[in-house]
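As a plain string of letters, each chain reads:
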Amino acid sequence: MDKVEIILKTLDEKLAEDIKVVNLDNSSIADTFIIASGGSINQTKALADYIEDDLEKEGYHLLSKEGLREGEWILLDAGEVIVHIFTQRQREFYDLDNLWES
């Protein structure tokens with residue numbers, strides 16, 4: 001299973017909301033953004049932990065993670081895949097869904 005499949009499976013199983021995959025063609029940032037929302041700060045933090053655990057079980061490791069203390073916008077850098085986990089309020093405010101659409 002590749003990184004995207006693992007992350008999407010984890011988000012779905014752990015009841016993340018509004019999961020979206022954005023393919024970043026010709027970007028030096030990453031190949032794929034995965035954007036999802038959690039119903040609370042506790043859920044966003046838990047989703048990040050589950051993703052990290054599930055990736056590690058398959059032999060992958062995160063390069064970095066940001067935002068865990070506050071939990072409103074968590075960024076997980078898995079190399080060619082970057083995961084953004086938001087509370088709904090922060091997701092609406094930053095609107096990455098529309099910013100990165102082709």
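What comes next concerns the included structure. Predicted, not measured: the structure shown is a model, and the values here were computed from it.

### Details of the packing of helix α1 (residues 3–13) against helix α2 (residues 41–57)
Orientation of α1 relative to α2, taken along the N-to-C sense of each, is 140 degrees, at an axis distance of 9 Å. Overall, the two elements α1 and α2 adopt an arrangement that is oblique. Crossing hand, α1 versus α2: right-handed. Note on element contacts: α2 touches α1 through Leu47, Tyr50, Ile51, Asp54 and Leu55, opposite Lys3, Ile6, Ile7, Thr10 and Leu11.

### Some words on the pattern of salt bridges
Any two side chains of opposite charge can pair, on the condition that their charged atoms come close. For the coordinates displayed, the defined rule picks out seven salt bridges. Of the charged contacts in the structure, one is a salt bridge between Glu13 and Lys9, with a shortest N-O distance of 2.8 Å. Taken together, the residues span about one helical turn, with Glu13 and Lys9 both in helix α1 at a distance of four residues. Ionic pairing is found between Arg91 and Asp18, a salt bridge with its closest N-O pair at 3.5 Å. Placement of the pair is Arg91 in helix α3 (residues 88–94) and Asp18 in strand β1 (residues 17–23), with a sequence separation of 73 residues. Residues joined by salt bridges that share partners form a network here, namely Asp18, Arg91 and Asp97.

Parameters at a glance
Residues numbered from 1 in each chain as written. Predicted model: local features only at pLDDT ≥ 70, side-chain atom pairs only at ≥ 80, totals over all residues. Heavy atoms only, no water. Axes fitted to C-alpha atoms, helices over the stretch in contact; angles between N-to-C directions. Helix = DSSP H or I, 4+ residues; strand = E, 2+ residues; numbered from the N terminus. Parallel < 35°, antiparallel > 145°, perpendicular 65-115°, else oblique. Left-handed = near helix turned anticlockwise from the far one by under 90°. Contact = heavy atoms within 4.5 Å. Salt bridge = Lys/Arg side-chain N within 4 Å of Asp/Glu carboxyl O.

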